[in-house]
Amino acid sequence: MSIRDPLRSLAHDEARDAVSELYRRHWVGLVRLAVLVVDDRQAAEDAVQETFADLYRHWPLRDNDKALGWLRTTLVNRCRSLLRRRRTARLYTPPHEEPNASAESSAMLGEDRLQVRQALQALPRRMREVLVLRYYLDLPFAEIAETLGISQSSARSTSSRGIAILTEKLKELR
């Protein structure tokens, strides 16, 4: 047994005692904070638990008197990450696969998609963005307007003009 083992044991005991005391005093308040941010009790409790585990791993801090502030900051950052992951998961839609499509129909469908993609790429950027948000992500005009920072009426008219232009371009290709 080396001289470092008793010192390491003392450091672990100090970390355990300090983090345990912070946990007893502030767990409820931190869970409330996380619930208000993520709007999900279970996710909030998990985030608080992970934050306390991080504090234990990082103990001692440069200034142990600021541990509560460190916990709050780390918890809010963890909640933000959770919200970003949720938003990304909601936006992901797995690709739709046609059941038992023949090779010929798959080739034709691939050609049609390529033509639509090329026609879409030829549109102005804003028009392309509106059409993608509307018809690929199936967003309502209110969300499109909010996402792009334009009015709802502008989103509607841009969509209408874009569909008309796409229709003409695809007629030319056929």
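This is a predicted model, so every value here is computed, not measured. (Residues numbered from 1 in each chain as written. Predicted model: local features only at pLDDT ≥ 70, side-chain atom pairs only at ≥ 80, totals over all residues. Heavy atoms only, no water.)

1. Let's talk about the packing of aromatic side chains
Move 1: Evaluated as defined, the whole model comprises 2 aromatic pairs.
Move 2: A centroid spacing of 6.2 Å and a plane angle of 40° characterise the contact between Tyr23 and Trp27, whose relative ring orientation is tilted. Here Tyr23 and its partner Trp27 are both found in helix 1 (residues 4-38), 4 residues apart, which amounts to about one turn of the helix.
Move 3: We classify Trp27 as partly exposed; its relative accessible area is 22%.
Move 4: Centre to centre, the rings of Tyr23 and Phe52 are 4.9 Å apart; their planes meet at 75°, and the pair counts as edge-to-face. Of this pair, Tyr23 sits in helix 1 while Phe52 sits in helix 2 (residues 41-58), placing them 29 residues apart in sequence.
Move 5: With relative accessibility at 30%, the residue Tyr23 sits in the partly exposed group.
Move 6: Each member of the aromatic cluster is reached from another via a ring pair, and the members are Tyr23, Trp27 and Phe52.
Move 7: The residue whose ring lies beneath Arg134 is Phe141, and the NZ or CZ to ring-centre distance is 4.3 Å. (Phe/Tyr/Trp six-rings, centres within 6.5 Å; stacked < 30°, edge-to-face > 60°. Helix = DSSP H or I, 4+ residues; strand = E, 2+ residues; numbered from the N terminus. Buried < 20%, exposed > 50% of the residue type's maximum accessible area, 1.4 Å probe, protein only. Lys NZ or Arg CZ within 6 Å of the ring centre and 35° of its normal.)

2. What to know about a nonpolar patch on the surface
Move 1: There is a patch of nonpolar side chains on the surface, built from Leu91, Tyr135, Tyr136, Leu137 and Ile163 and spanning about 500 Å² of accessible area.
Move 2: Residue classification places Leu91 among the partly exposed positions, given a relative accessible area of 48%. (Patch = residues over 30% accessible without salt bridge, like charges linked within 9 Å, V, L, I, M, F, W, Y side chains within 5 Å. Areas by Shrake-Rupley, 256 points an atom, 1.4 Å probe, with all protein chains shown as cover. Salt bridge = Lys/Arg side-chain N within 4 Å of Asp/Glu carboxyl O.)

3. Describing helix 3 (residues 67-91)
Move 1: With 25 residues, helix 3 should reach 36 Å at 1.5 Å per residue; the first-to-last C-alpha distance of 36 Å fits that figure.
Move 2: Those residues of helix 3 not exposed but buried are Ala67, Leu68, Leu71, Thr74, Leu75, Cys79 and Leu82. (Expected span 1.5 Å × (residues − 1).)

4. So, the pattern of salt bridges
Move 1: Taken as a whole and assessed by the stated rule, the structure comprises 10 salt bridges.
Move 2: For Asp40, the salt bridge is made with Arg86, and the minimal N-O distance between the two is 3.4 Å. One end of the pair, Asp40, is in the loop between helix 1 and helix 2; the other, Arg86, is in helix 3, with 46 residues separating them in the sequence.
Move 3: Given the relative accessible area of 25%, Arg86 is considered partly exposed.
Move 4: Between Arg78 and Asp54 there is a salt bridge, and its shortest N-O distance comes to 2.6 Å. Linking Arg78 in helix 3 with Asp54 in helix 2, this pair joins segments that are 24 residues apart in sequence.
Move 5: Judged by relative accessible area, which is 13%, Asp54 ranks as buried.
Move 6: Ionic contacts of the salt-bridge type, sharing partners, join the residues Glu50, Asp54, Arg57 and Arg78 into one network.

5. Overview of helix 2
Move 1: Helix length check: helix 2 (18 residues) gives 26 Å between terminal C-alpha atoms against 26 Å at 1.5 Å per residue, within 8%.
Move 2: For helix 2, every residue scored as buried is listed here: Ala43, Ala44, Ala47, Val48, Thr51, Phe52, Asp54 and Leu55.

6. Notes on the layout of surface pockets
Move 1: By volume, the largest pocket is sized at about 210 Å³.
Move 2: Lining of the largest pocket is provided by Arg87, Arg90, Leu91, Thr93, Leu133, Tyr136, Leu137, Asp138, Leu139, Glu143 and Thr147.
Move 3: Every element with two or more residues in the lining of the largest pocket is listed here: helix 3, helix 5 (125-136) and helix 6 (141-148).
Move 4: The element that contributes the greatest number of residues to the lining of the largest pocket is helix 3, accounting for 3 residues.
Move 5: The class makeup of the residues in the lining of the largest pocket is 5 nonpolar, 2 polar and 4 charged.
Move 6: The calculated volume of the second largest pocket comes to roughly 160 Å³.
Move 7: Lining of the second largest pocket is provided by Arg113, Val116, Arg117 and Tyr136. (1 Å grid on protein atoms, 1.4 Å probe; cavity = no way out; pocket = protein on both sides within 12 Å on 5 of 7 lines; lining within 4 Å. Points joined across faces, edges and corners; volume = space filled by probe spheres on them. Nonpolar A, V, L, I, M, F, W, Y, C, P; charged D, E, K, R; others polar.)

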